[in-house]
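# Commentary on secondary and tertiary structure
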Amino acid sequence: QVQLVESGGGLVQAGGSLRLSCVASGRIFSNIAMGWFRQAPGKERDLVAGISWSGSYTYYPDSVKGRFAISRDNAKNTVYLQMNGLKPEDTAVYYCAARTTASISYSRDAYSSWGQGTQVTVSS
């Protein structure tokens, strides 16, 4: 099992930027694809960025494409989410998730480990 701890959330004005970090521990950080999900009140938890183990493949839905960027540093067991051009509709709790395979999945059910979440609030 992988333990995940997110950090970097906060309050930012529309148009601003934040960088989220997720540090993994508990097992060898190998052949693990990672994802960032978000959940707003009353809504589903949706994938906003995914990255393969190698970092060669990434995925973004249209809602964040061109504004968000996921990256990873396997030597530090850390995944990042750089968020630029933030909008009020980006307000949500952001979760880091891991799945024990090298490839990205769009389904939250494919991820077996989750962080506790970090709040991102974008004011207009």
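Residues numbered from 1 in each chain as written. Predicted model: local features only at pLDDT ≥ 70, side-chain atom pairs only at ≥ 80, totals over all residues. Heavy atoms only, no water.

### Let's talk about the nonpolar core
- Residues Met 34, Trp 36, Leu 81, Met 83 and Tyr 94 are the most contacted members of the largest nonpolar core, which totals 27 residues.
- Of all the secondary structure elements, the ones that give two or more residues to this core are β3 (18-25), β4 (33-39), β5 (46-51), β7 (68-73), β8 (78-83), β9 (92-99) and β11 (118-123). (Core = buried A, V, L, I, M, F, W, Y, C linked by side-chain atoms within 4.5 Å. Buried < 20%, exposed > 50% of the residue type's maximum accessible area, 1.4 Å probe, protein only. Helix = DSSP H or I, 4+ residues; strand = E, 2+ residues; numbered from the N terminus.)

### Concerning the sheet that holds β3
- Spatial ordering of the open sheet is given by β1-β3-β8-β7, a layout of four strands whose pairing is antiparallel. Strands at the two margins of the open sheet, each flanked by one partner only, are β1 (3-7) and β7. Averaged over all neighbouring strand pairs, the angle between strand axes comes to 15°, with direction disregarded.
- Judged from the five bridges that link them, β1 and β3 form a sheet pairing that is antiparallel. Pairing of Val 5 across the sheet is with Val 23, part of β3. (Pairing = 2+ DSSP bridges. Axes fitted to C-alpha atoms, helices over the stretch in contact; angles between N-to-C directions.)

### Here we look at the environment of Ala 33
- Among the structural elements, Ala 33 can be located in strand β4.
- Through-space distance from the C-alpha of Ala 33 to that of Ser 103 is 5.5 Å; in sequence the pair is 70 residues apart.
- In contact with Ala 33, not counting residues within four places along its chain, are Ile 51, Ser 52, Trp 53, Arg 72, Ala 97, Ala 98, Arg 99, Thr 101, Ala 102, Ser 103, Ile 104 and Tyr 111. (Contact = heavy atoms within 4.5 Å.)

### Some thoughts on the packing of aromatic side chains
- Scanning the entire structure with this criterion turns up five aromatic pairs.
- Judged by centre distance (4.8 Å) and plane angle (55°), the rings of Phe 37 and Trp 114 are tilted. Placement of Phe 37 in strand β4 and of Trp 114 in strand β10 (residues 113-114) is noted, with a sequence separation of 77 residues between them.
- Over the ring of Tyr 95 we find Arg 45; its NZ or CZ atom is 3.6 Å from the centre of that ring. (Phe/Tyr/Trp six-rings, centres within 6.5 Å; stacked < 30°, edge-to-face > 60°. Lys NZ or Arg CZ within 6 Å of the ring centre and 35° of its normal.)

### Some remarks on the pairing of β3
- Across six bridges, β3 lies against β8 in antiparallel orientation. Paired with Arg 19 across the bridge in β8 is Gln 82.

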